[in-house]
Amino acid sequence: RDRATIAEATAAATVVLLGPDLKEELPVLHLRLRGAAEKKRIKLLEFTPRRTGLTGHAWRSFTYEPGHQLATVQGALADPQVAAQLAKGPVVVVAGRANLAEATTAQVQAINAVLEAVPSAKLLPAFRRGNVVGALQLGMRPTAGGLDTRGALQAAADGRLDCLVLVGADPLSDFPDADLARRAIAGVRSIIAVDTFLTASSQRADVVLAACAFTEKAGTTTNLEGRVSQLAAQVTPAGSTRADWMIAAELAVELGGDLGYETVEQITADIAENADGYTMVTAEALAASADGVIAYAPTGIGPVALLDVAAKERNSYDFRLIVSRTLYDQAEGTAQSPSLAHLAGATTVHVHPADIGRIGTTEGTSVKVIGARATIVCPIVADDSVSRGTAWLPFRYDGANPGDLIDSLAHVNDVRIENL
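So, here's what we can say about the structure.

Cut-offs applied
- Residues numbered from 1 in each chain as written.
- Predicted model: local features only at pLDDT ≥ 70, side-chain atom pairs only at ≥ 80, totals over all residues.
- Heavy atoms only, no water.
- Helix = DSSP H or I, 4+ residues; strand = E, 2+ residues; numbered from the N terminus.
- Polar contact = N/O pair within 3.5 Å; in protein donor to acceptor, adjacent residues only side chain to side chain.
- Contact = heavy atoms within 4.5 Å.
- Pairing = 2+ DSSP bridges.
- Axes fitted to C-alpha atoms, helices over the stretch in contact; angles between N-to-C directions.
- Salt bridge = Lys/Arg side-chain N within 4 Å of Asp/Glu carboxyl O.
- Phe/Tyr/Trp six-rings, centres within 6.5 Å; stacked < 30°, edge-to-face > 60°.
- Buried < 20%, exposed > 50% of the residue type's maximum accessible area, 1.4 Å probe, protein only.
- Lys NZ or Arg CZ within 6 Å of the ring centre and 35° of its normal.
- 1 Å grid on protein atoms, 1.4 Å probe; cavity = no way out; pocket = protein on both sides within 12 Å on 5 of 7 lines; lining within 4 Å.
- Points joined across faces, edges and corners; volume = space filled by probe spheres on them.
- Parallel < 35°, antiparallel > 145°, perpendicular 65-115°, else oblique.
- Left-handed = near helix turned anticlockwise from the far one by under 90°.
- Nonpolar A, V, L, I, M, F, W, Y, C, P; charged D, E, K, R; others polar.

**Examining the side chain of Asp-318**
Then comes step 1: The residue Asp-318 is located in the loop between strand E11 (293-294) and strand E12 (319-324) in this model.
Then comes step 2: There is a polar contact of 3.3 Å between the side chain of Asp-318 and the side chain of Arg-416.
Then comes step 3: Contact partners of Asp-318, with chain neighbours within four places excluded, come to Arg-358, Gly-389, Asp-414, Val-415 and Arg-416.

Right, dumping it as structure tokens:
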């Protein structure tokens, strides 16, 4: 599937949103699409489990209960008005994960349904973290028969891994399934962490290799459309921290090898010569372009494996769980910044105002949120952006951890909310 640029998305006839709340997770893309919609250049067709920052700007917005987005998309595609709009011109699908409390199966199936209905549509991945596309395109992804993140953590939890290397990763704080993350860190024989901060996970490591922050090292970064831009070191690294590539080069020497790199420019040249899609991404091209250079996705990035599990039906007492990220949370970069740390709030559970009475409580009261694995306690909030029968919790806030409620093997996760 061809990948779209952001410029193509803001000039398309229709942009289909099947991912997270862009206002919270990709605010610059949110502003670009909102501006294009306000100027009537594009029409937004949104599918979401709860109202987002773009819902008020959408031509049509469809709300689905987690696990049932495929049926919602199929119903919308059968609507003559929707079909006519999709046929008017270029279509870009902004696709990503809208809910950490469900498996990716239903979301991927819904995205595929749109792509099958509009074969000419282009895809723009909604990855929240910087340089994810660059990491994927340069090989930081499972190969055939390899393990994804959940698979690696499960292997560690089962005692089948001798060593877990964490490259800027903090499973104890950041992996949605908190129980699996804890068992993985406890079950692996040794841990090596390469990180800028001492996180909850790196504090458990046998060896911690201090890495420079992004402003302390030169190199390149690849954004979600595949655009590679140069980065220059702006701040002198503290102490004995090293750039990631220096750490890798020295480890290779210690292990009896030699990567042959002495400068970051040599790495840029090697990538351009040997990495699929990066032929045009030379140091000269990067220096000559103020907007960066597009690297095209290699054919080796294939579809993700799907769990073959049907979404269970929710009973009338339960709430279907929605957990998602917000712009400011307790990520280390935010928590370690005095000017940003106060912006992350405390964990609360949000339900539709009409559901407050059904629970038999009042807004602001602390309640029990009871999952299949654990119970957490937090205040309840009446929120009309949340649909009836669903409960939304922000991820990685102070207080109770919604990850305790999430089973990453479950297609969806349901909870019960009760008074203390």
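Resuming the write-up.
**Structural notes on the sheet that holds strand E6 (residues 163-167)**
Then comes step 1: Spatially, the three strands line up as an open sheet ordered E6-E7-E8, and their pairing is parallel. Edge strands, defined here as strands with exactly one partner in the open sheet, are E6 and strand E8 (207-210). Averaged over all pairs of adjacent strands, the angle between strand axes in this sheet comes to 10 degrees, irrespective of strand direction.

**A look at the sheet that holds strand E1 (residues 14-18)**
Then comes step 1: Pairing is parallel in the open sheet, where five strands are placed in the order E3-E2-E1-E4-E5. In this open sheet, the two strands that pair with only one neighbour each are strand E3 (60-63) and strand E5 (122-125). On average, each strand axis in the sheet is inclined to that of its neighbour by 15 degrees, with strand direction left out of account.

**As for the pattern of salt bridges**
Then comes step 1: Within the structure shown, the criterion is met by 26 salt bridges.
Then comes step 2: Among the salt bridges present, the one from Arg-320 reaches Glu-65, with a minimum N-O distance of 3.5 Å. On the criterion of sequence distance, the pair formed by Arg-320 in strand E12 and Glu-65 in the loop between E3 and helix H4 (69-77) is long-range, its members being 255 residues apart.
Then comes step 3: Overlapping salt bridges, with partners in common, bring together Arg-129, Asp-170, Asp-174, Arg-325 and Arg-396 in one network.

**A look at the packing of aromatic side chains**
Then comes step 1: In this structure the tally under the stated criterion is one aromatic pair.
Then comes step 2: Ring geometry for Phe-47 against Phe-62: centres 5.3 Å apart, planes inclined by 15 degrees, an arrangement best described as stacked. Of this pair, Phe-47 sits in strand E2 (residues 43-48) while Phe-62 is found in strand E3, placing the two residues 15 residues apart along the sequence.
Then comes step 3: Classification of Phe-62 as buried rests on a relative accessible area of 18%.
Then comes step 4: The ring centre of Trp-392 lies 3.9 Å from the NZ or CZ of Arg-50, which sits over that ring.
Then comes step 5: The side chain of Arg-60 reaches across the aromatic face of Trp-59, ending 5.6 Å from its centre.

**Some details on the environment of Ala-346**
Then comes step 1: Tracing the chain through its elements places Ala-346 in the loop between helix H14 (332-335) and strand E13 (349-351).
Then comes step 2: Here the alpha-carbon distance between Ala-346 and Gly-371, two residues 25 residues apart in the chain, equals 20 Å.
Then comes step 3: If sequence neighbours within four positions are ignored, Ala-346 has contacts with Tyr-397 and Asp-398.

**Here's the deal with helix H11 (residues 244-254)**
Residue pairs spaced three or four apart in an α-helix point in one direction, given the helix's 3.6 residues per turn.
Then comes step 1: If you check which residues of H11 are buried, you get Trp-245, Ile-247, Ala-249 and Ala-252.
Then comes step 2: Once H11 finishes, Gly-256 follows within two positions and takes phi at roughly 90 degrees, a positive value.

**Description of empty space enclosed by the protein**
Then comes step 1: Scanning the entire structure with this criterion turns up two cavities of 30 Å³ or more.
Then comes step 2: Each pocket or cavity is described by its volume, and for the largest cavity that value is around 100 Å³.
Then comes step 3: As for the largest cavity, its lining consists of 14 residues, and the residues nearest its centre are Pro-20, Asp-21, Arg-50, Ala-98 and Ser-324.
Then comes step 4: Estimated volume of the second largest cavity: approximately 70 Å³.
Then comes step 5: Forming the boundary of the second largest cavity are Leu-17, Leu-18, Gly-19, Pro-20, Asp-21, Leu-22, Glu-46, Phe-47, Thr-48, Thr-52, Leu-54 and Val-94.
Then comes step 6: Mapped by element, the contributors of at least two residues to the lining of the second largest cavity are E1 and E2.
Then comes step 7: Sort the elements by how many residues they give to the lining of the second largest cavity and E2 lands first, with three residues.

**Quick notes on unusual backbone geometry**
Then comes step 1: For Asn-131, which is not glycine, the phi dihedral falls at a positive 65 degrees.
Then comes step 2: Asn-131 gets classed as partly exposed once you look at its relative accessible area, which sits at 29%.
Then comes step 3: Of note in this structure, Arg-396 is not a glycine but carries a positive phi near 65 degrees.
Then comes step 4: Locating Arg-396 in the fold gives a position in the loop between strand E16 (390-394) and strand E17 (414-419).

**Here's the deal with the packing of helix H8 (residues 149-157) against helix H10 (residues 178-187)**
Then comes step 1: Their axes nearest at 7 Å, the elements H8 and H10 cross at an angle of 55 degrees. Relative to H10, the element H8 lies oblique. Considering how the two elements wind past one another, H8 and H10 form a crossing that is left-handed. From H8, Arg-150, Leu-153, Gln-154, Ala-156 and Ala-157 reach across to H10, where they touch Leu-180, Arg-183, Ala-184 and Gly-187.
Then comes step 2: Classifying every residue of the contact of H8 with H10 gives five nonpolar, two polar and two charged.

**A few points about the packing of H4 against helix H6 (residues 105-117)**
Then comes step 1: Their axes nearest at 8 Å, the elements H4 and H6 cross at an angle of 20 degrees. The angle between the axes of H4 and H6 places the two elements in the roughly parallel class. The interaxial crossing formed by H4 with H6 has right-handed handedness. Contacts between H4 and H6 involve Gln-69, Leu-70, Val-73 and Leu-77 on the former and, on the latter, Ala-106, Gln-107, Gln-109, Ala-110, Ala-113, Val-114 and Ala-117.
Then comes step 2: A class-by-class count of the residues in the contact of H4 with H6 yields eight nonpolar, three polar and no charged.

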